[in-house]
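The lines below spell out each chain.
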Amino acid sequence: MRRAVCPGSFDPIHKGHIEIIARASSLFDEVVVAVSTNYSKRHRFSEGERIAMVTETLTGLRGISVRPMGNGLLADFCRDAGADAIVKGLRSTADYQYEVPMAAMNRHLTGVETVFLLADNKYTHLSSSLLREVQALGGDVEDYLPRAVLNRFRDGA
């Protein structure tokens with residue numbers, strides 16, 4: 001069985017994330033979506049809320065499991081999960097330049113490879129932080145967010 005980990009804070013998950021995860025699920029037998037907490041970021045949603053939104057959003061995809069990443073290195077999480085690869089979506093050369101050193105370090109630490117998938121052009125401008133900001137200022141983000149996220153924004157979560 002080929003298993004990949006698709007990590008992220010998913011604060012919130014958006015259609016760009018979903019597109020990458022769906023494509024990864026066609027390449028691997030199982031994709032573990034690892035919901036991380038970056039302590040240098042201020043999160044809009046708690047870890048529990050993010051896990052719930054990701055789980056609800058991805059229920060229709062085969063071979064997907066959602067887990068909290070917890071503290072520690074992604075490479076260690078991948079080793080413990082029995083993953084062969086890390087899947088990362090790339091929107092731009094800036095993403096590539098940011099991700100390549102981490103991919104090299106993860107391979108050095110545990111031998112896990114990183115697979116880069118290019119984002120669909122209709123999502124290359126998306127980031128969770130941009131969508132949070134636009135939504136907070138009253139902008140329409142409905143085209144980019146799954147129902148589970150939109151419901152929580154509407155409920156004032």
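Below, the structure is looked at part by part. (Residues numbered from 1 in each chain as written. Predicted model: local features only at pLDDT ≥ 70, side-chain atom pairs only at ≥ 80, totals over all residues. Heavy atoms only, no water.)

### Remarks on the pattern of salt bridges
Side chains that differ in charge, positive against negative, can pair when their charged atoms come close.
Consideration 1: Evaluated as defined, the whole model comprises ten salt bridges.
Consideration 2: With a closest N to O distance of 2.9 Å, Arg91 and Asp95 form a salt bridge.
Consideration 3: Here Arg91 falls in the partly exposed class, since its relative accessible area comes to 35%.
Consideration 4: For Glu113, the salt bridge identified is with Arg107, shortest N-O distance 3.9 Å.
Consideration 5: The network of salt bridges with shared partners includes Asp76, Arg79 and Asp80. (Salt bridge = Lys/Arg side-chain N within 4 Å of Asp/Glu carboxyl O. Buried < 20%, exposed > 50% of the residue type's maximum accessible area, 1.4 Å probe, protein only.)

### Some remarks on the pairing of strand E4 (residues 85–90)
Consideration 1: Burial analysis of E4 places five of its six residues in the buried class, the great majority of the element.
Consideration 2: Examined bridge by bridge, strand E1 (residues 3–8) and E4 share two bridges and lie parallel to one another. Each bridged residue has a counterpart across the sheet, and for Val5 the counterpart in E4 is Ile86.
Consideration 3: With six bridges connecting them, E4 and strand E5 (residues 113–118) associate as parallel partners. (Helix = DSSP H or I, 4+ residues; strand = E, 2+ residues; numbered from the N terminus. Pairing = 2+ DSSP bridges.)

### A short note on the environment of Ala103
Consideration 1: Considering the arrangement of structural elements, one finds Ala103 in helix H4 (residues 93–110).
Consideration 2: Between the C-alpha atoms of Ala103 and Lys88, which are 15 residues apart in sequence, the distance is 9.5 Å.

### Describing helix H3 (residues 74–81)
Consideration 1: If you check which residues of H3 are buried, you get Leu74, Ala75, Phe77, Cys78 and Ala81. Taken around the axis of H3, the buried residues stretch over an arc of 160°, which confines them to a single face.
Consideration 2: Contact partners of the buried residues in H3: E1, strand E2 (30–35), strand E3 (64–68), E4 and H4. (Arc of directions from axis to C-beta. Contact = heavy atoms within 4.5 Å.)

### Quick look at the packing of helix H2 (residues 47–58) against helix H6 (residues 147–154)
Consideration 1: Direction vectors running N to C along H2 and H6 enclose 140°, while the axes themselves pass 8 Å from each other. It follows that H2 is oblique to H6 by the angle criterion. Seen from H2, the contacting residues are Glu49, Ala52, Met53, Glu56 and Thr57; seen from H6, they are Ala148, Val149 and Arg152. (Axes fitted to C-alpha atoms, helices over the stretch in contact; angles between N-to-C directions. Parallel < 35°, antiparallel > 145°, perpendicular 65-115°, else oblique.)

### Brief notes about the packing of aromatic side chains
Consideration 1: A full pass over the atoms with the stated rule returns two aromatic pairs.
Consideration 2: Between Phe45 and Phe153, the ring centres sit 5.4 Å apart and the planes meet at 55°, which makes this aromatic pair tilted. Separated by 108 residues along the polypeptide, Phe45 in the loop between E2 and H2 and Phe153 in helix H6 bring together distant segments of the chain.
Consideration 3: Assessed through its relative accessible area of 2%, Phe45 is described here as buried.
Consideration 4: The cationic tip of Arg44 hangs over the ring face of Phe45; the distance from NZ or CZ to the ring centre is 4.8 Å. (Phe/Tyr/Trp six-rings, centres within 6.5 Å; stacked < 30°, edge-to-face > 60°. Lys NZ or Arg CZ within 6 Å of the ring centre and 35° of its normal.)

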